[in-house]
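Spelled out, the chains give:
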Amino acid sequence: AISLIVILFLISGLILAAKSPWGQNLAQSLVSDALKKTGFDVQFEKIEGSLPSRIFLSGVSIRGAGLEITARTVELELSLLRLFKKEAALTHLAADQITWKKTEAPAPQASLSETSSLSYPIFVQQFKLTNVAIPDLFTANFEGRLRLGKKNRILTIKASRPEFPESFANLTLLVQLDGTA
């Protein structure tokens, strides 16, 4: 009985630490450092939520691969259970007021063989991107699913324009990394 109480206190302490400013700064630096290793510089003004499973970011800026992407808000729901299966999985990803522009130093184009091996699969069960500014053209909304596996990559997306609520486009893309599509 005493060991159960000690375990509950430890879990409570970890949750409180994750919600503290110190824990949020630690989470911000861990995310930024992990993404810097992939060649992307990620910064955000504020992090909130019930870390580590549900995260709210504001003032997000991503730079790399010849692009600069900004978003007013980003909401992530991480599947902790899938981490045990060695899979990065988001049950929900939402972002609003997204803009992007090309930067002066575009990254060299990677071939399919260079990007085909992931150390772990990535899965986004549902994403919703609203008010995405397509440079010099229009604003659009996107929703769908994404799976980046070791053998194939699947993207299902529905796009719509807020100015034309009845118009939309559906797209499903499957790339098998054994050379067939």
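Refer to the structure above for everything that follows.
Residues numbered from 1 in each chain as written. Predicted model: local features only at pLDDT ≥ 70, side-chain atom pairs only at ≥ 80, totals over all residues. Heavy atoms only, no water.

**Some thoughts on the pattern of salt bridges**
(1) Moving on: Evaluation of the coordinates by the stated rule reveals 6 salt bridges.
(2) Moving on: Put simply, Arg54 and Glu75 hold a salt bridge, and the shortest N to O gap is 2.4 Å. Placement of the pair is Arg54 in strand β3 (residues 54–64) and Glu75 in strand β4 (residues 67–78), with a sequence separation of 21 residues.
(3) Moving on: Between Arg54 and Glu77 there is a salt bridge, with its nearest N and O atoms 3.5 Å apart. Pair noted here: Arg54 is in strand β3 and Glu77 is in strand β4, with a separation of 23 residues, a long-range link.
(4) Moving on: For Arg54, a relative accessible area of 32% puts it in the partly exposed group.
(5) Moving on: Each of Arg54, Glu75 and Glu77 takes part in a single network of salt bridges with overlapping partners. (Salt bridge = Lys/Arg side-chain N within 4 Å of Asp/Glu carboxyl O. Helix = DSSP H or I, 4+ residues; strand = E, 2+ residues; numbered from the N terminus. Buried < 20%, exposed > 50% of the residue type's maximum accessible area, 1.4 Å probe, protein only.)

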